[in-house]
Each structure stands twice: as C-alpha cells, then as structure tokens.
2 protein chains.
Amino acid sequence: MSADGPRLSEEGLIARHFAPLAGPGADGLRDDAASLTPTPGHDLVVTVDAVVAGVHYFPEDAPASVAVKALGVNLSDLAAKGAAPRGFLLTLALAPDWTEDWLAVFAQGLGAAAALHGCPLLGGDTVRAAGPTLISVTAFGEVPTGGIVRRHTARPGDVICVSGTIGDAALGLRLRREPEAAWARALRAEARAHLADRYLHPRPRLALAAAVRRFATAAMDVSDGLAGDLAKMLPGLTTTVESATVPLSEAAAAAIGREPDLLRTALTGGDDYEILCTVAPADLDAFRAAAAAAGVPLAPIGTVAAGEGAPVFRGPDGALHRFPRGSFSHF
Amino acid sequence: MSADGPRLSEEGLIARHFAPLAGPGADGLRDDAASLTPTPGHDLVVTVDAVVAGVHYFPEDAPASVAVKALGVNLSDLAAKGAAPRGFLLTLALAPDWTEDWLAVFAQGLGAAAALHGCPLLGGDTVRAAGPTLISVTAFGEVPTGGIVRRHTARPGDVICVSGTIGDAALGLRLRREPEAAWARALRAEARAHLADRYLHPRPRLALAAAVRRFATAAMDVSDGLAGDLAKMLPGLTTTVESATVPLSEAAAAAIGREPDLLRTALTGGDDYEILCTVAPADLDAFRAAAAAAGVPLAPIGTVAAGEGAPVFRGPDGALHRFPRGSFSHF
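Rules behind the numbers
Residues numbered from 1 in each chain as written. Chains lettered and ligands numbered in written order. Predicted model: local features only at pLDDT ≥ 70, side-chain atom pairs only at ≥ 80, totals over all residues. Heavy atoms only, no water. Least-squares fit on C-alpha atoms with pLDDT ≥ 70 in both. Contact = heavy atoms within 4.5 Å. Domains from an automatic or database assignment. Buried area = accessible area lost by both parts, 1.4 Å probe. Salt bridge = Lys/Arg side-chain N within 4 Å of Asp/Glu carboxyl O. Polar contact = N/O pair within 3.5 Å; in protein donor to acceptor, adjacent residues only side chain to side chain. Helix = DSSP H or I, 4+ residues; strand = E, 2+ residues; numbered from the N terminus. Nonpolar A, V, L, I, M, F, W, Y, C, P; charged D, E, K, R; others polar. Pairing = 2+ DSSP bridges. Axes fitted to C-alpha atoms, helices over the stretch in contact; angles between N-to-C directions. Phe/Tyr/Trp six-rings, centres within 6.5 Å; stacked < 30°, edge-to-face > 60°. Buried < 20%, exposed > 50% of the residue type's maximum accessible area, 1.4 Å probe, protein only. UniProt positions renumbered as here; feature names shortened; annotations may be inferred. Core = buried A, V, L, I, M, F, W, Y, C linked by side-chain atoms within 4.5 Å. pLDDT = per-residue confidence, 0-100.

This paragraph deals with the relation of the copies chain A and chain B. Superposing chain A onto chain B requires a rotation of 180° together with a translation of 0.0 Å along the rotation axis, leaving an RMSD of 0.0 Å. When the rotation and shift are considered jointly, the pair of chain copies conforms to a two-fold rotation axis. Considering only C-alpha atoms, the residue of chain A closest to the rotation axis is A:Gly131, which sits at 2.0 Å. Residue by residue, 100% of the interface of chain A is reproduced at the interface of chain B, so both copies engage with the same surface.

Now the structure itself:
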C-alpha cells in the first residue's frame with residue numbers, strides 16, 4: 001500500500017531514530033502526547049529554548065554537537081532553577097537540504113546527552129522549514145514543592161557567585177571566526193581545543209542544582225554574557241565586580257594575557273552556561289562546601305548593592321566599565 | 001546606558017506583548033522557567049506541535065489567525081487525550097521581515113485564544129530565523145491519574161466515532177488555492193466563508209475531552225486527514241467506512257455535490273482538528289449523550305475489525321477506496 005518514496009515518512013524517521021530515546025510516559029513516541037507527573041511533593045519546572053543554524057551554531061557543526069547544545073542550553077536553565085531533569089520534548093524544523101545521515105547522528109548525540117543527564121525524550125514534532133534548521137527543546141525538571149529558585153529575588157548584601165569559568169565559549173566562537181588572529185595563533189593547541197569545545201558543548205551544571213536550591217536567594221544561567229545577565233538578575237539593584245575575581249580558565253587567561261581587549265569578549269560574550277546566583281553572606285561557606293562536594297568550581301565575584309544602574313566591572317587597570325544591555329544577544 | 005536601537009530588545013518585546021498573557025507560575029515571563037504542578041490526583045499531559053509559514057499557513061494570513069492555529073493544533077491534541085488545558089510555552093522564530101505590528105496582533109490573538117480555552121502562557125523563547133516564521137507551542141493539560149487516552153488501544157468490535165464535520169479545512173485550503181474553480185464559484189458566499197474559516201481557525205474539541213476520557217478506548221485528533229489518521233489509529237486492525245456516514249458540513253456537501261472528486265480531498269485532507277475515537281458498543285449511547293450534552297456533534301462511522309490493511313472507504317457508487325498512508329502530510 002504505502003509508497004513513501006526515497007525518504008522515510010515522518011513516522012518512519014521517528015520510529016527509527018527517536019523512538020529508542022523515548023522515556024516512560026512517551027508511549028514509544030507513537031502518540032501525540034506524553035504523560036508526565038512530578039514525584040509526589042514536587043513541582044514541575046518547564047522551560048523552552050531554541051537553537052537555529054547560523055545563529056546559535058554553525059551549520060557545519062557536527063550534528064551530535066548540535067544535539068548536545070540544543071538539549072544542554074535547556075538543562076542549564078533547569079539547573080539554575082534548582083531542578084532535576086525529568087524529560088524533554090523536541091521540535092525539529094529541518095532545512096531543505098537535510099539528510100538522514102545528519103538526522104541519525106543528531107539523534108545519537110541527543111540520546112547520549114539525554115542518557116548522561118537522565119532526561120529522556122517524551123515527544124516531539126518534525127517539520128520542514130524553507131530556511132535554516134531550528135531545534136526547539138522543551139525541558140521538564142522538578143523541585144520539591146515551592147523550591148524553584150527565581151531570577152529576581154536577590155537582596156542587597158547577598159554575595160554573587162558564578163560556577164566554573166567565564167568567557168571560554170565566547171572566546172571559542174572568536175577562535176572559529178578569526179583562527180588566524182595573533183592571539184589565536186599564540187595559544188597552545190590544547191587551549192584552542194578547550195575554548196572550541198566550550199563553545200560547542202554546554203555543560204549544564206545540574207550537579208549544582210541541589211545546592212542552588214538550598215542556598216541561593218536568586219539564580220539564572222549565564223547564556224547571554226556575564227555582564228548582561230548580571231544586569232538582568234539585579235533590576236533595581238547594582239554591584240561592582242572586580243574583573244580579577246571573575247573565574248577564567250587557563251586558556252581564557254592565556255588569550256586575554258596576549259590580547260587584553262578579549263576581557264570584554266569574556267565578560268560580555270554568551271554561551272557560558274554557568275550558574276550565576278546570589279547567597280546570603282552567612283550561607284556562603286556552606287554553599288561553597290556543597291559546590292565543592294558536587295565537584296563544581298564556584299567563585300564569589302561581588303556583593304549585591306542597593307541602587308540603580310547596570311553592574312560595574314573594575315578592570316585590571318582600575319578603570320570602571322559598564323556594558324550596555326544587549327551587548328550580546330542572539331535575537 | 002542601554003541603546004536598543006530602533007527595535008525593542010527581546011525582553012522589551014516580551015514585557016510589552018507577551019507578559020499580559022502570563023499565567024500563574026510564569027513569574028511574569030521575567031524568568032527562564034515556569035513552575036507547573038498538576039492538581040493533586042492528576043497527571044500532566046504534554047504535547048508539542050509547530051506551524052511554519054508557507055507550510056501550515058499562508059504568510060499573508062492575519063497574525064491573529066496564525067496565533068489561533070498555533071495554539072489550537074496543540075489544544076486539539078490535549079482534547080483527544082482527554083485532557084483539560086493548563087498552560088503553554090511558545091517558541092517564536094521570526095522571519096527577517098517581521099514587524100512589531102505583526103507581533104502585536106499575533107500576541108493579541110494568542111491572548112484571546114488562550115483566555116477562551118483557559119490556557120495561559122507560561123514562558124517562551126524568541127529567536128530570529130533566516131527563513132520563514134515558525135511557531136512551536138508546547139501545551140500542558142491534565143487528566144485524573146492514569147486517565148490519558150491513548151491512540152493505539154482500540155479493540156475489534158469498538159465503534160469508530162468522529163466529532164464535528166470532516167473535510168471543511170481541506171476544502172477551505174483548496175478554495176484558497178483555486179478560488180476560480182467551477183465548484184468554488186458555484187458555492188454560496190457563506191459556504192465559502194465557512195470552509196475558509198475552518199482552514200484558518202481550528203476549533204479544539206476541548207468540550208469533548210471529559211467524555212473521551214470516560215468512554216473512549218482510543219483517541220487521536222484528525223490533523224493529517226481522516227483516512228490517514230484512521231490508519232494510524234488502527235495498526236494491525238482495519239475497518240470499512242461507508243463514506244456516506246462521514247459527517248459533512250452543508251458547505252462541504254455542496255462542494256462535493258458539485259464536484260464528486262472533492263470527496264477524496266475531504267477524506268484525505270488535513271487540518272480538521274476533530275476527534276477520532278473508538279468506544280465499546282455498549283458505551284456508544286452514553287458517549288453520544290455525553291457529547292450532545294457537551295454540545296459537540298458526534299457520528300459513528302464504522303466498526304474496528306481484526307485484520308491487517310489500511311481502512312477501506314466505500315464510496316457512494318459502492319466502489320472501495322484505499323488511500324495510501326501519507327497521502328497528506330505537512331512533512
């Protein structure tokens with residue numbers, strides 16, 4: 001009866017490539033909807049973010065890397081809200097030149113990332129788009145009832161902390177765009193590889209979620225650059241950050257050492273997917289201990305202050321820098 | 001400090017146009033995630049579907065109509081699973097030529113549809129796409145624990161029912177594409193308006209959800225054409241449908257009366273967004289009474305039979321028709 005032509009039908013593609021990723025409640029992806037119920041005593045936390053070829057990733061990026069990014073940027077949001085992942089939905093809009101090979105490797109990468117983070121596929125929709133490929137992921141997490149950590153709840157006097165290192169992904173993106181720049185050529189191969197990897201592969205800080213939930217007064221993930229995201233986290237409040245306290249990887253420090261203007265890239269670039277949060281000073285030591293126990297580096301970078309005005313960064317030369325909102329935006 | 005240029009920032013757009021649509025748990029759309037918890041004793045039902053300009057709607061369609069379609073196709077899935085809506089997430093990928101006027105009217109239409117169905121906005125992501133506008137909606141509903149109605153659980157002997165009327169939207173689409181066809185010109189203005197409206201504006205059958213949950217042994221919504229969706233609902237089973245039992249609107253009947261080949265369009269076209277379901281024969285009268293009480297027309301169109309093979313439709317001339325899978329597909 002059926003004549004699907006040279007390409008599999010949508011159902012055939014789903015059954016072949018995505019059904020193996022399906023979790024409980026997804027009915028093997030054979031239905032139009034999934035069932036999902038939080039653990040008793042828990043709330044669901046829901047978030048959605050899309051990545052677009054040519055905007056959020058390079059069309060030539062490995063499809064498994066694209067999958068890691070599409071899922072990772074969403075799991076990063078869950079981590080910053082203090083949530084543990086439960087599952088995700090996928091909207092895949094495929095460019096006209098898509099191939100089943102691309103899709104197969106994308107699905108494999110997605111499955112590996114989903115398994116790593118305990119976050120199975122619950123459903124999705126596949127459409128064709130007369131434009132670049134777009135991948136929208138809706139991620140579901142859960143927190144104990146009432147436990148979601150909000151973005152705008154910091155108080156004056158709270159200590160501002162950031163996980164991991166800042167600026168690697170933005171420098172990795174610069175490296176992709178200007179591989180022959182003097183600073184890029186001066187880096188060792190492993191430093192270049194580190195920066196390139198941080199741009200390609202977000203590492204959602206899910207290991208820190210429980211500590212964020214326990215100790216943070218406010219939290220968000222750093223996706224649009226530390227400077228801009230700090231401003232977003234502190235409406236009606238402000239802070240002064242000593243740039244020297246912002247944690248840098250060896251690779252980023254080497255790049256900035258060679259080319260000091262790259263500090264601006266590190267502070268305003270995007271795609272860090274680290275957690276930016278605030279804690280009461282009395283909780284700082286316990287929060288740091290919990291982060292250390294979770295294996296996540298954590299650095300205090302300033303203190304929330306009363307007063308309007310975008311956060312100020314004091315550079316190594318003592319000069320104060322403000323960065324306009326939206327200095328980095330995918331939009 | 002901020003210099004957003006001639007266009008609002010993403011945050012500005014969200015605050016102006018979408019924050020008024022935000023529901024409980026959405027924190028005014030100022031955070032990266034929302035909190036959502038099913039009513040005690042209930043499961044969440046989650047689904048995602050995208051519409052793309054030039055594929056699922058005409059780029060020149062009124063933005064409020066696009067909004068009604070983007071939300072409606074998802075609420076239709078919830079209704080078919082027996083779920084009551086709780087909220088939704090929105091991914092909006094805007095084509096390069098988007099305008100704030102378009103966005104404003106889209107948001108108004110979305111807000112009106114969301115209010116009509118009691119389904120508030122919980123969050124979203126806005127990106128730009130170097131291609132057609134794409135709108136992906138993740139819809140959340142809830143059912144009493146374990147109550148989700150699945151697609152593939154029909155049994156031989158169950159009666160197949162469909163809500164409302166079939167084929168209007170597909171004929172409305174034909175009307176858009178061939179307004180000067182003889183059959184189109186022969187229709188009265190109100191019939192043309194009815195068909196055009198059914199294509200533009202899905203009417204999710206949420207009023208039928210409770211009855212579906214109570215009585216249906218299997219259910220799905222009709223989005224890709226009755227013939228193809230019936231085949232999808234009955235893997236490993238079959239049925240023979242008397243075409244004369246398929247419910248048609250006056251407008252569709254008039255069109256098919258004028259041009260009999262349009263029956264194929266009605267049976268295989270998409271965008272009906274009616275509910276296709278099966279009930280045990282003993283429950284049929286009660287199901288019909290519940291549907292009548294909910295104000296939703298319901299028609300039995302056949303009986304599930306053991307045996308492989310796509311469903312067969314017997315035409316007015318007595319001839320048997322099978323329609324290949326994928327005879328209609330947006331993909």
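This part takes up the domain arrangement of chain A. Residue and element names in this part refer to chain A. Taken domain by domain, chain A holds domain 1 (10-144) and domain 2 (159-318). A per-residue breakdown of the area domain 1 buries against domain 2 is headed by Phe 58, Lys 69 and Ala 80, which together make up 28% of the total. The tally of links from domain 1 across to domain 2 stands at 2 salt bridges. Here Arg 176 makes a salt bridge to Glu 60, at a shortest N to O gap of 3.8 Å. At the junction of domain 1 with domain 2, the criterion picks out 7 residue pairs in polar contact (both at pLDDT 80 or more). At the level of secondary structure, the elements contributing two or more residues to the side of domain 1 that touches domain 2 comprise α2 (63-80) and β5 (134-144). Of all the elements, α2 adds the most residues to the side of domain 1 that touches domain 2, at 10 residues. Considering only residue class, the side of domain 1 that touches domain 2 consists of 11 nonpolar, 6 polar and 5 charged.

Residues and elements named next belong to chain A. Strand order in the open sheet made by the 3 strands is β9-β13-β14, with mixed pairing throughout. Lying at the two open borders of the sheet, with one neighbouring strand each, are β9 (240-242) and β14 (320-322). Neighbouring strand axes in the sheet, compared pairwise and without regard to direction, differ in orientation by 30° on average.

For an interface, size is often stated in terms of accessible area lost upon the parts coming together. Residue-level contacts link 63 residues of chain A with 63 residues of chain B. With both chains or domains summed, chain A and chain B bury close to 5,200 Å², and 57% of this area falls on carbon and sulfur atoms. There are 10 salt bridges connecting chain A and chain B. Between A:Lys81 and B:Asp31 there is a salt bridge whose closest N-O contact spans 2.7 Å. Secondary-structure elements contributing two or more residues to the side of chain A that touches chain B are α1 (10-18), β1 (34-36), β2 (42-52), β3 (84-94), β4 (121-128), β5 and β7 (216-222) of chain A. Ranked by the residues each element gives to the side of chain A that touches chain B, the list is headed by β2(A), at 10 residues. The residue makeup of the side of chain A that touches chain B, split by class, is 30 nonpolar, 15 polar and 18 charged. Judged from the 3 bridges that link them, β1(A) and strand β2 (residues 42-52) of chain B form a sheet pairing that is antiparallel.

With that out of the way, let us pick up the pattern of salt bridges. According to the stated counting rule, one finds 40 salt bridges over all chains in the structure shown. The network of salt bridges with shared partners includes A:Asp27, A:Arg30, A:Asp31, B:Lys81 and B:Arg150.

Below, the discussion takes up the environment of A:Val312. As for its placement among the helices and strands, A:Val312 is situated in strand β13 (residues 312-314). On a C-alpha basis, the gap between A:Val312 and A:Phe323 in space is 7.9 Å, while along the polypeptide they are 11 residues apart.

Evaluated as defined, the whole model comprises 9 aromatic pairs over all chains. When the centroid spacing of 5.8 Å and the interplanar angle of 80° are considered together, the rings of A:Phe140 and B:Phe140 count as edge-to-face. Placement of the pair is A:Phe140 in strand β5 and B:Phe140 in strand β5 (residues 134-144), with the two residues belonging to separate chains. An identical accessibility class is assigned to A:Phe140 and B:Phe140; each is buried. Measuring from centroid to centroid gives 6.0 Å for B:Phe58 and B:Tyr199, while their planes differ by 70°, and the two rings are edge-to-face. Within this pair, whereas B:Phe58 is found in the loop between β2 and α2 (63-80), its partner B:Tyr199 is found in helix α6 (residues 189-200), the two being separated by 141 residues in sequence. Across the pair, exposure class does not vary: B:Phe58 and B:Tyr199 are buried alike.

What follows deals with the UniProt feature "binding site: Mg(2+) 3" (unreviewed entry) in chain A. UniProt tags A:Asp32, A:Asp77 and A:Asp221 as "binding site: Mg(2+) 3" (unreviewed entry). A maximum C-alpha distance of 31.3 Å is found for the annotated residues, which run over 190 residues; spatially they are spread out rather than grouped. The residues contacting A:Asp32, other than those within four sequence positions of it, are B:Thr47, B:Asp77, B:Arg151, B:Met220 and B:Asp221. In this fold, A:Asp77 is placed in helix α2. Judged by its relative accessible area of 3%, A:Asp77 falls in the buried class. Non-local contacts of A:Asp77, meaning those with residues more than four positions away in its chain, are made with A:Thr47, A:Asp49, A:Asp221 and B:Asp32.

On to the nonpolar core. Core analysis: the biggest nonpolar cluster contains 133 residues, and A:Phe18, A:Ile135, B:Phe18 and B:Ile135 have the highest contact counts within it. Once residues lying within four places of it in the same chain are set aside, the contact partners of B:Phe18 are B:Leu13, B:Leu29, B:Leu90, B:Leu92, B:Leu103, B:Phe106, B:Ala107, B:Leu110 and B:Leu121.

Residues and elements named next belong to chain A. The buried fraction of strand β6 (residues 159-163) is high, at 5 of 5 residues. On β6, burial covers both faces: Val 159, Cys 161 and Ser 163 on one face and Ile 160 and Val 162 on the other are all buried. One ladder, built from 4 bridges, connects β6 with strand β10 (residues 274-279); its direction is antiparallel. Residue Val 162 lies in a different strand from β10, and its bridge partner there is Leu 276. Note that β6 and strand β11 (residues 298-303) share 5 bridges and pair antiparallel. Bridged to Val 159 within β11 is Thr 303.

With that out of the way, let us pick up the confidence of the model for chain A. Residues and elements named next belong to chain A. Residues with a pLDDT of 70 or more make up 95% of chain A, whose mean pLDDT is 94. Counted against residues more than four places away or in other chains, residues 1-6, with its pLDDT under 50, gives 5 contacts. This model gives residues 326-331 a pLDDT under 50, and the stretch forms 18 contacts once residues within four places in sequence are excluded.

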